[in-house]
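# A structural walkthrough
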Amino acid sequence: MNRIKPNSIELSVRAVFLLFICAILICIDVYFAPFKMVRFYLDTLISPLHSVSHSPQKINDYLYTLSLEKSDLLQENQQLKEENLYIKAENKQLQNLENENQKLRNLLNAPISKDNSKKVAQVLQINTNPFAFQIVLDQGESEGIFNNQPIADENGLLGQVFQVALNTSRAILICDYQHAISVRNTRNEMTMIAQGNGCGNDLILDFLPTSADIEIGDELVSSGLDGIFPANYPVATVAAVRVDQNRTVPLIYATPKANIKQLRYVLLLWNEKFKSTLGDDVTAPLEETIEQPSSNNEEQNVL
Amino acid sequence: MFYNSGIILFTLFIGFFLQIMPFPEMIWMLKPHWLLFILLYWILAIPGKASFLPAFSLGLFYDLFSGSFLGLHAFIFVFLSYIVALRAPFIRNYALWHQLIIIVILSLFYDLLLYFFQAILLNMINLSPLIFVSSLSDLALWITLTFCLKSIRLE
């Protein structure tokens, strides 16, 4: 025992010292906002690790492409060409409608919704940690990704970027416990907040009175009131409405539209107007929406 | 006794590599704590020379990789390493089944600590009992570790 004792004291001193450093680091990371800059460089430093962890997927994809037959590819190509034709034709029609809509909005003096540009990003890592539902994308600040940038797939909104490094960025999904999004019911224009409840579960619509007019199957789209997400993007479908006798609020669940289970590629949504003014400041988008009508007036004057 | 620090670093590197590899999403709860138990194994294997610096630095790297708060995993790794290092002379001489009990406790403790930190830092109270399933795969991991690394050690 004599031999172990002094050793254990030395151990304790070293361990407590390191634990102390860890505690300080955690506190700084949580409470000290400027540390985000340091985090940016650290994240950039370790971003090669993401491509390492993505490599099995890449190898799998490569093997899959090797196994494909030429005739299958030609057939698929033909199919995609036809699909593309249909979509292009539909797109033309939509553009005409959009132009018409903008003209009408101009007449009404209502704010014009700016067109969002989009970009495809690859998902490098999906966090399987049960507490956080995050994904890592293969594009970062050098490609113009910014904080709070919305991401979506072809079916609906997925979430938003919350940590940007030089070549990668980290996004939080709408089903994360920490995430909430302002949505609008398309049937009766009622706005509410859809809160994440873990990606195995549906979103929760909270803070509603028992008299709220909600039915199963109602389509929820983003309201755009949060100043982060573009308006009128599909988010979820109401899946269950339960009235709990013991609680004063109803329990309403909505299934996300986006295919959260199988994420390979996502769309990054751009709004140039936001990008120029937003940055890290959370209050900026609110001011932006308030100022919108006036800026439109100016545009009209110019026109 | 002489231990080649190159081999230790190599196995730790592999542990980190396995830790950051994607795990099938259907069975995420079965993902063993590769890195932690390789760390703990070496702390047990090298008496009196245990260093917490690998645990600390690898924890920091893992924090950066997984996007958790910086220092979170480092804290847990160092803390568990410390507990094991304190009791190392005893644990090393236990029978394997006895060690396995300790491994399960450590694995549960790891998950609980992680949950505890998330709960106080993010104000979250959702606790999924599934996170404790990983202690079972940790058992299998520890058994393979003791046999594989022992042969490396003896060489």
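Residues numbered from 1 in each chain as written. Chains lettered and ligands numbered in written order. Predicted model: local features only at pLDDT ≥ 70, side-chain atom pairs only at ≥ 80, totals over all residues. Heavy atoms only, no water.

Turning to the sheet that holds strand 12 (residues 265-270) of chain A, a few remarks are in order. Residues and elements named next belong to chain A. With antiparallel pairing, six strands are arranged side by side around a closed barrel as 1-2-5-4-3-12. For this sheet the average axis-to-axis angle between neighbouring strands, irrespective of direction, equals 45°. As paired strands, strand 3 (residues 150-152) and strand 12 are joined by two bridges and run antiparallel to one another. Residue pairing across strands places Ile151 opposite Leu268, the latter belonging to strand 12. Where helix 2 (residues 35-67) meets the sheet, it contacts strand 1 (117-126), strand 2 (134-137), strand 4 (157-164) and strand 5 (169-173), and its direction lies at approximately 70° from that of strand 1. (Pairing = 2+ DSSP bridges. Helix = DSSP H or I, 4+ residues; strand = E, 2+ residues; numbered from the N terminus. Axes fitted to C-alpha atoms, helices over the stretch in contact; angles between N-to-C directions. Contact = heavy atoms within 4.5 Å.)

All names here are of chain A. Within strand 6 (residues 180-185), five of the six residues are buried, leaving the element largely enclosed by the surrounding structure. Here five bridges tie strand 6 to strand 7 (residues 191-195), and the two strands are oriented antiparallel to one another. Within the sheet, the bridge partner assigned to Arg184 lies in strand 7 and is Thr191. Pairing between strand 6 and strand 9 (residues 219-222): three bridges, direction antiparallel. Bridged to Asn185 within strand 9 is Leu220. (Buried < 20%, exposed > 50% of the residue type's maximum accessible area, 1.4 Å probe, protein only.)

A few words on the confidence of the model for chain A. When the pLDDT values of chain A are averaged, the result is 81; 85% of them are 70 or greater. This stretch, residues 276-303 of chain A, has a pLDDT under 50; its non-local contacts, to residues over four places away or in other chains, come to 23 contacts. (pLDDT = per-residue confidence, 0-100.)

Judged by nonpolar contacts, the single largest core of 59 residues is most densely connected at Phe37(B), Trp42(B), Phe52(B), Phe117(B), Trp142(B) and Leu145(B). Leaving out residues up to four positions away in the same chain, Trp42(B) has contacts with Ile7(B), Ile8(B), Thr11(B), Leu12(B), Leu149(B) and Arg153(B). (Core = buried A, V, L, I, M, F, W, Y, C linked by side-chain atoms within 4.5 Å.)

All names here are of chain A. For the structure on display, the rule yields one disulfide over all chains. Shown here is the disulfide that connects Cys175 with Cys199, its sulfur atoms set 1.8 Å apart. Judged by the sign of its S-S torsion, about 45°, the bond between Cys175 and Cys199 is right-handed. Taken together, the residues span a long stretch of sequence, with Cys175 in the loop between strand 5 and strand 6 and Cys199 in the loop between strand 7 and strand 8 (203-206) at a distance of 24 residues. Free of any disulfide, Cys22 has its nearest cysteine sulfur in Cys27, 11 Å distant. The exposure class assigned to Cys27 is partly exposed, which follows from its relative accessible area of 43%. (Disulfide = S-S within 2.5 Å.)

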